[in-house]
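Next come the chains, spelled out residue by residue.
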Amino acid sequence: MTELEGETPAHMRARLLRRARHWALELALGISFLACVFIAERLGRGGAAVAAIAAAVAVLAAWFVIYIRWHLSFDEFERTLELKAIALAAGVVIVAASGWGLAELILGAPAAPIVFVAPAFSVVYGIIRILMGRAYR
């Protein structure tokens, strides 16, 4: 049986450039989402706050569509890694949010707004995806 060929330098550069573009876009989406949330909070109630909330929801929807497009652009192996990373990140965020919720309910810990679950997921997913990618390279 023959060994698999190594990755060419050109392919590695293309892969790293694609990954850097993904991270930059995800960072921009996360910052945009948080900016909309903080702007809405600062504006209080009214039409401008509703517009900021609608913008935050639009950013979340765009984020979701972009995740789907990325997933569809990957080959089978990359899709498998992505799905594993997404599942692990979702599990970590769900356990952390539930644990914090219990601490709020029972121990009186400060409230953590649920609106931060999406950015938290993105950060956890990014870390897990980096670790998984390095494990296979």
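For clarity, every value in this text was computed on a predicted model and none was experimentally measured.

1. Points about the packing of aromatic side chains
Right, on to step 1. Summed over the entire model, instances satisfying the criterion amount to 5 aromatic pairs.
Right, on to step 2. Here the aromatic rings of Tyr67 and Tyr125 are separated by 5.7 Å at their centres, their planes lie at 50°, and the arrangement is tilted. Residue Tyr67 is found in helix H2 (residues 47–73), and its partner Tyr125 is found in helix H4 (residues 117–135); the two are separated by 58 residues along the sequence.
Right, on to step 3. Here Tyr125 falls in the buried class, since its relative accessible area comes to 5%.
Right, on to step 4. Relative to Tyr125, the ring of Phe121 has its centre 6.0 Å away and its plane inclined at 15°; by these criteria the two rings are stacked. One end of the pair, Phe121, and the other, Tyr125, are both in helix H4, 4 residues apart, so they sit about a helical turn from each other.
Right, on to step 5. Here Phe121 falls in the buried class, since its relative accessible area comes to 17%.
Right, on to step 6. Among the aromatic residues, ring-to-ring pairing joins Tyr67, Trp70, Phe121 and Tyr125 into one connected group.

2. Remarks on the packing of helix H3 (residues 76–107) against H4
Right, on to step 1. Relative to each other, H3 and H4 sit at 135°, their axes nearing to 8 Å. Regarding the angle of H3 to H4, the classification is oblique. As H3 runs across H4, the sense of the crossing is right-handed. Here Leu81, Glu82, Lys84, Ala85, Ile86, Leu88, Ala89, Ala90, Val92 and Val93 of H3 lie close against H4, whose contacting residues are Val117, Ala120, Phe121, Val124, Tyr125, Ile128, Arg129 and Met132.
Right, on to step 2. Here the contact of H3 with H4 is composed, by residue class, of 15 nonpolar, no polar and 3 charged.

Calculation criteria
- Residues numbered from 1 in each chain as written.
- Predicted model: local features only at pLDDT ≥ 70, side-chain atom pairs only at ≥ 80, totals over all residues.
- Heavy atoms only, no water.
- Phe/Tyr/Trp six-rings, centres within 6.5 Å; stacked < 30°, edge-to-face > 60°.
- Helix = DSSP H or I, 4+ residues; strand = E, 2+ residues; numbered from the N terminus.
- Buried < 20%, exposed > 50% of the residue type's maximum accessible area, 1.4 Å probe, protein only.
- Axes fitted to C-alpha atoms, helices over the stretch in contact; angles between N-to-C directions.
- Parallel < 35°, antiparallel > 145°, perpendicular 65-115°, else oblique.
- Left-handed = near helix turned anticlockwise from the far one by under 90°.
- Contact = heavy atoms within 4.5 Å.
- Nonpolar A, V, L, I, M, F, W, Y, C, P; charged D, E, K, R; others polar.

Nothing here speaks to function; it is geometry throughout.
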